[in-house]
Amino acid sequence: MSRPSSPGGPGGRRERHSRARPLTALALRLFRVAMRLFPRPFRATHGAEMRAAYEREIERRAARAGTRASLVYAVRASADAARQGWRERRRAAPPPGHGARTPRGGRGPIGGGFAADVRLAVRGLRRSPAFAVAGVLVLALGIGANATVFSALRAAILAPAPYPEADRLVLADLRMTHAGRGEERISTWSYPKLQTLLGVERRLVDPAVGYGGRTATLTGGGAPRRVDVELVTPGYFELLGRSPVLGRAFTPDEADAGDPPLVAVLSHELWSSRYGADPALVGRDVVLNGRAVRVVGIAPAGFDGLRGGTRAWVPMAAAGVLMNRFMIEAAQAHWLHVIGRLAPGVGFAEADAWMEALGPGIDEAHPAGEAGVTYGASLRTLDEVRVNAGARAAVLLLSAAAGLVLLVACANLSGLLLARSRARVRDGAVRLAVGASRWRLVRASAVESLTLALLGGAAGMGVAAWGARAMSAAWPRRFLGSGDGELRVMSPEALAVDRGVVLFALAVSTLAALLFGTAPALRASGAQVAAALKDGGAATRRARRLVGLDGRTALVGVQVALALVLLVGTGLVGTSMMRLLRVDEGFDARGLLTFSYALPASSTGGDDPVAFHEAFLERVRALPGVEGVTVGCPPLRGHCWITRVDEVRGAREIPPGEGPPLGIHMVGDGHFETMGIPLLRGRALDARDGRDARPTIVLSRLAAERLFGEEDPIGRFIRVGVGMEGKEAFSEVVGVVGDVLYAPPDEEMIPEGYFSFREYPDRSADVIVRAADPMAQLPGVRAALGALDRTLPVFGASTMDEIVAASTGDRRVVLALLALFTLVTVLLSATGTWGIVAYSVADRRRELGLRIALGAGGLRVLGTVVAQTAAAAGLGLALGGLAAWGGGRLLEAFLYEVDARDPRAFAVAGAILLAVVALAAALPARRAARVDPVEALRAD
Amino acid sequence: MSEPSHADPRDLLPLSPPVYHVLLALGDGALHGYAIMQAFEEMTGGAALLLPGTLYATLARMAETGLVEEVPPPPASEDARRRFYRVTVWGREVAVAESERMRALVEVARARHLLPGRAR
């Protein structure tokens with residue numbers, strides 16, 4: 001009986017589509033969306049025809065009565081289609097226990113069901129559009145802010161690791177104990193120690209795999225590219241449930257370091273972007289660090305390794321050939337992590353105890369060779385490792401702030417509703433008189449609140465979609481990984497609005513409706529019938545004494561209190577940010593470009609990297625616009641190398657391993673000049689240094705002070721924990737320079753020492769170029785490097801300005817959101833106060849008119865009106881101040897050289913709020929003073 | 001689509017307005033959905049609307065209960081893909097019963113001087 005229908009429609013209609021003006025197109029779309037509510041079988045039978053009828057009617061009306069008329073029709077017809085579709089759907093699937101429904105709603109409009117209440121609510125909102133729009137907007141901000149922050153909360157904290165049986169995954173740690181220093185810290189594993197662990201029979205953590213990250217240069221098949229590589233042991237892909245989509249994972253015999261397997265699994269991203277997703281790549285060779293490596297598999301799309309950003313995986317056993325043989329051979333070369341799953345039926349505590357018992361054996365098999373140093377072993381759950389303290393603090397703070405925004409929004413709305421209900425007390429009394437129960441009135445009011453809240457929630461999803469996108473773009477890189485940075489915790493794309501966020505927003509909307517709707521609902525039922533019918537004003541006043549005015553004015557206090565909490569917080573974080581930005585980094589960050597390159601052992605420059613670097617620096621120096629070039633660890637990103645001072649010649653002996661820490665830098669000639677680091681004493685490093693057997697060193701001001709106090713360090717000798725082949729152990733101090741922030745500014749500064757890069761040949765180089773327009777130098781730099789070796793990529797290029805910005809990035813995001821939330825709450829408090837005072841003035845026109853008629857001065861009348869508001873605001877300030885005082889702990893992670901209870905922040909925030917509220921109250925209150933007594937008496 | 005001849009048409013009364021409107025619009029002819037919409041608008045002089053969602057949902061339900069039935073399109077039809085409907089015998093009985101019910105009400109209204117007219 002049913003005929004095949006063609007949803008696309010005949011060609012004729014399509015033509016009309018293309019001619020349709022935008023509004024008509026919108027009308028068509030609206031109807032199509034509404035039609036989706038019909039069950040699928042119904043649409044299959046009647047859909048095409050229904051739509052065709054609608055379209056013809058739209059066109060006919062547009063031609064006859066204009067676009068506006070056709071749009072009115074479109075809205076009505078679409079609403080009708082949605083309603084009918086919904087009914088049809090319910091008919092198609094009657095709920096269990098219910099028979100087929102009667103064709104029509106059943107109960108009459110007076111007894112009225114829930115649907116009637118909703119209709120009533122929608123009609124009520126449509127009758128006062130200004131109120132409805134204001135309410136929806138206020139709620140959209142409140143709910144949107146919460147949904148946005150929730151998406152971050154979920155991505156950064158709540159989301160479980162995306163691996164099978166993730167709750168049984170554990171990280172195995174080595175724990176290094178230094179008896180002399182009383183120090184204990186978590187360490188990575190070395191390859192030989194991992195082999196010892198894997199050699200244990202009947203492990204309680206099984207399977208267990210090792211992983212560690214390095215970068216490598218990929219050549220052939222396009223421009224050379226520096227890629228992140230994970231070195232893993234066989235079983236890695238199986239453990240994480242990410243079997244290659246093409247080819248295979250690594251086999252157990254590819255764990256043999258004696259016969260290094262030069263094979264690789266490539267990421268889906270790399271395979272697609274560089275090799276055009278060619279399936280034939282599997283089985284062919286690519287060139288990694290100058291060695292031919294056979295591609296054996298392609299990882300699933302979206303998987304980028306435990307560390308994130310991984311583009312290729314190679315068996316760990318190949319590290320000795322592809323990277324550095326010490327990575328495989330040296331038992332004290334700790335560079336890899338071990339992850340595994342608890343063996344079936346084994347609990348965490350049991351496995352942890354087993355692991356700890358294993359520690360001494362591993363240590364005995366590979367003694368540390370340094371006095372007092374021993375290694376033990378233990379487990380951490382993956383969930384424990386995944387916590388990023390910074391992200392956690394930020395998200396918790398923002399959650400609290402967003403919660404405050406919602407509370408203010410609710411208080412604001414509650415005020416609006418109460419003011420509005422003044423006009424409706426009479427309406428309610430009428431309905432009570434014709435027999436509606438009080439419960440019905442409460443329910444009607446509750447339904448109205450819920451309708452408003454859901455509309456606000458829907459609009460809030462728009463706010464959240466925008467907010468999540470903005471946050472995803474600004475989310476600090478530091479927040480993506482685990483605390484030690486060795487585990488990717490989340491990707492910024494996880495900050496998005498999906499079903500979970502929508503459900504959350506729905507719950508928040510309902511909660512909001514409860515919060516702001518309760519007082520008005522009670523109010524709606526509290527009216528005295530006879531009195532209200534006789535005189536609306538009198539009933540209003542009586543009701544006001546019950547909950548109204550006191551409650552309404554109290555709402556001013558609530559809003560002020562909440563706004564103050566946020567304002568104080570923003571003030572404190574803002575002050576911290578300003579202090580951080582004012583911190584002297586110790587060098588001139590403007591006009592600097594930094595990038596890196598690395599020479600594979602097999603490359604032309606690999607044998608004599610110093611000569612290669614010198615040749616390269618010479619070429620870059622010759623580029624037009626380049627004012628200086630050097631190599632060295634770029635500031636503000638954390639140290640590249642930290643060791644300790646072992647001995648100061650002529651000073652008292654330092655016990656082994658107890659010298660002060662020293663950041664080590666291998667820098668180019670003219671480094672300090674290029675970086676803009678001031679030379680304080682002695683001389684800078686230049687072409688003389690690093691050429692003979694006696695090393696020379698330049699100390700930072702802090703290093704000179706710690707090591708030599710008041711004495712002149714120039715010409716003195718120190719021995720540091722850096723082994724330089726063919727050099728004397730002692731280095732001569734030749735100069736002292738200013739302190740530079742190598743770690744982010746909120747971390748403690750340590751002493752620094754600078755050697756010439758010639759002292760310690762290193763195949764990789766971090767290059768820093770000074771130029772007026774640093775990024776513009778990049779093509780020239782690439783060409784200069786390519787001219788020396790065209791297989792070398794330039795990687796990690798960024799300007800120092802970007803690095804400076806990133807070093808305060810987490811605070812920046814927190815501050816921006818906090819400031820936005822605060823602005824919203826302060827504005828809401830202001831409009832809320834304004835509205836409440838305005839209503840109060842309108843309410844008391846008659847009384848005020850009388851007073852003026854009896855000779856009261858304008859100012860006095862104004863005072864009467866404002867007094868209560870001022871009292872409420874004052875109380876709000878006091879309570880808000882207390883709350884901010886108590887809640888300062890949440891802020892501590894984001895403060896820098898500011899006390900969470902800095903009285904100045906409280907004073908300034910209080911003053912700002914007081915001014916805003918006073919202004920908001922004064923504008924409507926002025927009207928009170930200008931009430932015309934005669935007119936006021938005539939009114940009502 | 002068998003018509004339950006044993007049933008009393010009055011069991012279905014009062015009809016919902018869309019059902020009655022469709023019965024009126026169809027009359028004795030066979031029309032497709034859009035034509036029903038137009039016919040209804042003509043009949044009421046545009047005072048009331050039969051919107052497509054309501055119309056097609058109503059038609060489906062009426063076909064289910066046997067008030068209308070689908071017929072093959074007439075040979076001269078401009079669009080053979082459309083479904084044509086006509087009122088069944090049962091549908092006609094129901095329409096007559098509803099009209100009788102309404103007439104009785106109108107008589108009462110006249111008697112109460114709510115409407116001008118002969119009856120008194």
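Right, let's walk through the structure included here. (Residues numbered from 1 in each chain as written. Chains lettered and ligands numbered in written order. Predicted model: local features only at pLDDT ≥ 70, side-chain atom pairs only at ≥ 80, totals over all residues. Heavy atoms only, no water.)

### Some words on the side chain of N146 of chain A
Residues and elements named next belong to chain A. Here N146 lies in helix α5 (residues 129–158). N146 gets classed as buried once you look at its relative accessible area, which sits at 11%. Setting aside its immediate chain neighbours within four residues, N146 contacts A402, G403, L406 and F504. (Helix = DSSP H or I, 4+ residues; strand = E, 2+ residues; numbered from the N terminus. Buried < 20%, exposed > 50% of the residue type's maximum accessible area, 1.4 Å probe, protein only. Contact = heavy atoms within 4.5 Å.)

### Re a positive patch on the surface
All names here are of chain A. Side chains of R83, R87, R90, R119, R123, R126 and R127 sit close together on the surface and give a patch of like positive charge. Counting residues per element, the ones that place at least two in the positive patch are α3 (40–92) and α4 (114–127). When residues of the positive patch are assigned to their parent elements, the largest contribution, four residues, is made by α4. (Patch = residues over 30% accessible without salt bridge, like charges linked within 9 Å, V, L, I, M, F, W, Y side chains within 5 Å. Areas by Shrake-Rupley, 256 points an atom, 1.4 Å probe, with all protein chains shown as cover. Salt bridge = Lys/Arg side-chain N within 4 Å of Asp/Glu carboxyl O. Lys, Arg positive; Asp, Glu negative; His and termini not counted. Charge placed at Lys NZ, Arg CZ, Asp CG, Glu CD.)

### Some thoughts on helix α22 (residues 778–788) of chain A
All names here are of chain A. Turning to α22, its buried residues number three or more, namely L778, V781, A784 and L785. Buried residues of α22 fall within an arc of 120° about the axis and therefore sit on the same side. Buried residues along α22 sit in contact with β12 (592–598), α19 (609–621) and β22 (795–799). (Arc of directions from axis to C-beta.)

### With respect to the state of the cysteines
Put plainly, two cysteines are in a disulfide when a covalent bond ties their sulfur atoms together. Residues and elements named next belong to chain A. Inspection of every chain in the model, using the stated rule, returns one disulfide over all chains. Disulfide pairing is shown between C633 and C640; the S-S distance is 2.0 Å. Residues C633 and C640 are joined by a disulfide whose S-S torsion is about 85°; by sign, that bridge is right-handed. Look at C633 and you get buried, because its relative accessible area is 7%. Classification of C640 by relative accessible area gives partly exposed; the value is 49%. (Disulfide = S-S within 2.5 Å.)

### Some details on the packing of α19 of chain A against α22 of chain A
All names here are of chain A. Close contact between α19 and α22 brings their axes to 9 Å; oriented N to C, the two are set at 140°. Overall, the two elements α19 and α22 adopt an arrangement that is oblique. Here α19 runs over α22; the crossing is right-handed. Taken together, the residues of α22 that come into contact with α19 (itself represented by F612, A615, F616, R619 and V620) are V781, A784, L785, A787 and L788. Its residues placed into classes, the contact of α19 with α22 shows nine nonpolar, no polar and one charged. (Axes fitted to C-alpha atoms, helices over the stretch in contact; angles between N-to-C directions. Parallel < 35°, antiparallel > 145°, perpendicular 65-115°, else oblique. Left-handed = near helix turned anticlockwise from the far one by under 90°. Nonpolar A, V, L, I, M, F, W, Y, C, P; charged D, E, K, R; others polar.)

### Quick word on unusual backbone geometry
Cis geometry marks the peptide bond from D206 of chain A to P207 of chain A; its omega dihedral reads 5°. Tracing the chain through its elements places P207 of chain A in strand β3 (residues 205–219). Backbone geometry places A277 of chain A, a non-glycine residue, at a positive phi of 55°. Its location among the elements puts A277 of chain A in the loop between α8 (268–275) and β7 (285–288). Notably, H113 of chain B is not glycine yet its phi reads approximately 60°, a positive angle. Here H113 of chain B lies in the segment after α4 (89–111). Exposure remark for H113 of chain B: the relative accessible area of 59% places this residue in the exposed category.

### Considerations on the interface of chain A and chain B
The interface is formed by 28 residues belonging to chain A together with 24 residues belonging to chain B. E41 of chain B is paired through a salt bridge with R64 of chain A; the nearest N and O atoms lie 4.0 Å apart. Applying the counting rule to chain A against chain B returns seven residue pairs in polar contact (both at pLDDT 80 or more). Of the residues forming the side of chain A that touches chain B, the biggest block, 20 residues, is contributed by α3 of chain A. (Polar contact = N/O pair within 3.5 Å; in protein donor to acceptor, adjacent residues only side chain to side chain.)

### Quick notes on the sheet that holds strand β2 (residues 68–71) of chain B
All names here are of chain B. Spatially, the three strands line up as an open sheet ordered β1-β3-β2, and their pairing is antiparallel. Strand pairing shows two members of the sheet lacking a second neighbour, β1 (31–32) and β2, which therefore form its edges. Pairing geometry for β2 and strand β3 (residues 84–87), over four bridges, is antiparallel. What sits directly across from E69, in β3, is R86. (Pairing = 2+ DSSP bridges.)

### Some details on the packing of aromatic side chains
Residue and element names in this part refer to chain A. Scanning the model with the defined rule gives 18 aromatic pairs over all chains in all. Put simply, the rings of Y236, F237, F250, F303 and W313 touch in pairs and so form one group of aromatic residues. A cation over an aromatic ring shows up here: R325 above the ring of F326, its NZ or CZ 4.6 Å from the ring centre. A cation over an aromatic ring shows up here: R649 above the ring of F717, its NZ or CZ 5.0 Å from the ring centre. (Phe/Tyr/Trp six-rings, centres within 6.5 Å; stacked < 30°, edge-to-face > 60°. Lys NZ or Arg CZ within 6 Å of the ring centre and 35° of its normal.)

### Observations regarding the pattern of salt bridges
All names here are of chain A. Tallying each qualifying case throughout the model produces 39 salt bridges over all chains. Measuring nitrogen to oxygen at the nearest pair gives 2.7 Å for the salt bridge that ties R701 to D739. Placement of the pair is R701 in helix α21 (residues 701–708) and D739 in the loop between β19 (730–737) and β20 (752–756), with a sequence separation of 38 residues. According to the relative accessible area criterion, R701 is partly exposed, its value standing at 36%. Note on D739: relative accessible area 14%, which makes it buried.

### Things to note about the nonpolar core
Residues and elements named next belong to chain A. Grouped together as the largest cluster of nonpolar side chains are 86 residues, with contacts concentrated most on L452, W475, M490, F516, F821 and L913. Listing elements by their share of this core, those giving two or more residues are α5, α13 (389–433), α14 (438–474), α15 (499–525), α18 (548–582), α24 (809–843), α26 (858–887) and α27 (903–929). Take this core: its biggest share by element is 18 residues, from α13. Apart from residues no more than four positions distant in its own chain, M490 is found in contact with A155, A156, W475, F479, L480 and L495. (Core = buried A, V, L, I, M, F, W, Y, C linked by side-chain atoms within 4.5 Å.)

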